[in-house]
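Residue-level structural notes
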Amino acid sequence: MSIGVQLLPNFSAVTHCLGHKLNMEEGSGILKEGFLVKKGHVVHNWKARWFVLLQDRLLYYKVVGGKKESSPKGRILLDGCTITCPCLEYENRPLVIKLRTKTNTEYFLDSCSREERDSWALDITGAIHAGNPVQVQQLHLQKNSFKLPSNISLNQIIDKMHDNSNGIKLTPNTRQGSIYKESFTGSKLVDWLISSSFAASRLEAVTLASMLIEENFIKPVGAQSVEAMRNGDLAEQFLDDSTALYLFAESYKKKIISKEEIHLNILELSGTIVKQGFLIKQGHKRKNWKVRRFVLRADPAFLHYYDPTKEDNRPAGGFSLRGCLVSALEDNGVPTGVKGNVQGNLFKIITKNDVHYYIQASCKAERSQWIEAIKQVT
């Protein structure tokens, strides 16, 4: 194809994702597929769904017992559809994509990481504008030129900004008759990013600050900075200006937490994120299968999992990988310890304390990637 949309490299593997066969509606034109978390239309809760992107529509399926249902639960027609990314309508969900159909129906789709969100947004945009290859190519170039350096964490930056000793200094400022008691200017943040060695130049600092806005860590206040965010290009949403004003977003307000939670954050969540993504995990008590967002960290090596349907950013569970054993489970029937008719792409982690975790990837390639990543940190 010439429209610039990245097709999945191994189509034969795609047909076996989650152990399903292609249905008649999917045909052979799959551009992308994977888990996203969708907001419901009737009951406004969030549910993990398996999405399949085709040339003209986006199908989504329920996953029951670790397997995708044969018929889609719904479909989003892409003809005349508009996409908003990033979508900042949900403060506790900064990785949301919004789709508005030609009939003004809105869909909100949450992803597991910024990279995954941008990949979905780019491929959906490519399908929407399939008749305009020049526009799609421009989108590719724009996205590829706006990447966070691999050694920089936005969470690390925002934590440092809050540091009482070395963080950014908050001062009262007035804009359009309103007083913002704890705010900072654009130029002050740029100066701080450079002095804290997060950026080597003002251009790099502006890029990082733009990403902090994009991920809803900070927000503009006052007509000047708000206008820049609405109308500027991705790398120009933040203003390196002494009159442009910004605040920390509500989603990052410091909360009172217990000593146990502080201990958890320091010891378990301080490692560098090596890999993250959606996987299906079997529960320990009910033995049911649920989609969870897994985050693999190194130094120290921990694997945490989160409930993507909830807005609470604390892990639903996790464990140290020290002394763990990880292995693939072959597809010759249902392995011992696994409940349900689940077949394919399974792997098992046995902790040092002999706790067994059964996890299902969407395809064999993904399973191999997770096993290898876990082995490298243990």
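Everything below is about the structure printed above this text.
So, here's what we can say about the structure. (Residues numbered from 1 in each chain as written. Predicted model: local features only at pLDDT ≥ 70, side-chain atom pairs only at ≥ 80, totals over all residues. Heavy atoms only, no water.)

For the rest of this paragraph, the subject is the overall build of the protein chain. Looking only at helices and strands, the protein chain has nine helices and 20 strands in total. Counting the 378 residues in the protein chain, one finds 47% classified as buried. Taking the intrachain contacts of the protein chain between residues at least 6 apart in sequence as the baseline, contacts between residues at least 24 apart amount to 54%. Of the roughly 19,400 Å² of accessible surface on the protein chain, a fraction of 50% belongs to carbon and sulfur atoms. (Helix = DSSP H or I, 4+ residues; strand = E, 2+ residues; numbered from the N terminus. Buried < 20%, exposed > 50% of the residue type's maximum accessible area, 1.4 Å probe, protein only. Contact = heavy atoms within 4.5 Å. Areas by Shrake-Rupley, 256 points an atom, 1.4 Å probe, with all protein chains shown as cover.)

Turning to a positive patch on the surface, a few remarks are in order. The grouping of Lys47, Lys62, Lys73, Arg286, Lys287, Lys290, Lys310 and Lys339 at the surface amounts to a positive patch. Tracing the backbone through its elements, the reader meets Lys73 in the loop between β5 (67-68) and β6 (74-77). (Patch = residues over 30% accessible without salt bridge, like charges linked within 9 Å, V, L, I, M, F, W, Y side chains within 5 Å. Salt bridge = Lys/Arg side-chain N within 4 Å of Asp/Glu carboxyl O. Lys, Arg positive; Asp, Glu negative; His and termini not counted. Charge placed at Lys NZ, Arg CZ, Asp CG, Glu CD.)

Another point: the side chain of Asp307. Positionally, Asp307 belongs in the loop between β16 (302-306) and β17 (317-320). There is a polar contact of 2.7 Å between the side chain of Asp307 and the side chain of Thr309. Setting aside residues no more than four positions away along its own chain, Asp307 makes contact with Arg292 and Ala316. (Polar contact = N/O pair within 3.5 Å; in protein donor to acceptor, adjacent residues only side chain to side chain.)

The next subject is the packing of helix α5 (residues 186-195) against helix α6 (residues 202-214). Where α5 contacts α6, the two axes come as close as 9 Å, and the packing angle between them is 110°. The orientation of α5 relative to α6 falls into the category roughly perpendicular. Here α5 and α6 pass one another in a crossing that is right-handed. For the pair α5 and α6, contact is made by Ser187, Leu189, Val190, Asp191, Leu193 and Ile194 and by Arg202, Ala205, Val206, Leu208 and Ala209, respectively. (Axes fitted to C-alpha atoms, helices over the stretch in contact; angles between N-to-C directions. Parallel < 35°, antiparallel > 145°, perpendicular 65-115°, else oblique. Left-handed = near helix turned anticlockwise from the far one by under 90°.)

This paragraph deals with the pattern of salt bridges. Taken as a whole and judged by the stated rule, the model has 13 salt bridges. We note a salt bridge from Arg100 to Glu106, for which the minimum N-O separation is 2.5 Å. Residue Arg100 is classed as partly exposed on the basis of its relative accessible area, which comes to 31%. On the basis of relative accessible area, Glu106 is assigned to the partly exposed category, the value being 26%. Shared partners join several salt bridges into a network, and the residues in it are Glu89, Lys98, Arg100 and Glu106.

Here seven strands make up an open sheet; going across it, the order is β6-β3-β2-β1-β9-β8-β7 and the pairing antiparallel. The open sheet terminates on both sides in strands that have one partner only, identified here as β6 and β7 (82-87). In this sheet, neighbouring strand axes are inclined to one another by 35° on average, regardless of whether the strands run parallel or antiparallel. For strand β1 (residues 32-39) and strand β2 (residues 46-53), the ladder comprises eight bridges, and the chain directions are antiparallel. Among the inter-strand pairings, Lys39 is bridged to a residue of β2, identified as Trp46. (Pairing = 2+ DSSP bridges.)

Now for the sheet that holds strand β14 (residues 272-282). As summarised here, the arrangement of the seven strands in space is β17-β16-β15-β14-β20-β19-β18, forming an open sheet in which the pairing is antiparallel. The open sheet is flanked by β17 and β18 (325-329), the only strands paired with a single partner. Neighbour-to-neighbour, the strand axes of this sheet turn through a mean angle of 30°, independent of strand direction. Looking at chain direction, β16 and β17 are connected through four bridges and run antiparallel. Bridge pairing in β17 places Phe302 opposite Ser320.

All right, on to α6 then. For α6, with 13 residues, the first-to-last C-alpha span of 18 Å sits near the 18 Å given by 1.5 Å per residue. With ten of 13 residues buried, α6 lies mostly within the body of the structure. Of all the residues in α6, the buried ones are Ala205, Val206, Thr207, Leu208, Ala209, Ser210, Met211, Leu212, Ile213 and Glu214. Asn216, located one to two residues past α6, shows a positive phi value of around 65°. (Expected span 1.5 Å × (residues − 1).)

Before going further, it helps to examine the packing of helix α4 (residues 154-161) against α6. It is at 11 Å that the axes of α4 and α6 come closest, and there the two elements cross at 95°. Between α4 and α6, the angle is such that the two are roughly perpendicular. Across the interface between the two elements, Leu154, Ile157 and Met161 from α4 touch Leu208, Met211 and Leu212 from α6. Grouping the amino acids of the contact of α4 with α6 by side-chain chemistry returns six nonpolar, no polar and no charged. (Nonpolar A, V, L, I, M, F, W, Y, C, P; charged D, E, K, R; others polar.)

Looking now at unusual backbone geometry. Of note, the bond from Asp299 into Pro300 is cis; its omega dihedral lies within 30 degrees of zero at 5°. On the secondary structure map, Pro300 appears in the loop between β15 (289-298) and β16. Not every positive phi belongs to a glycine, and Asn104 is a case in point at roughly 70°. The exposure class of Asn104 is exposed, given its relative accessible area of 54%.

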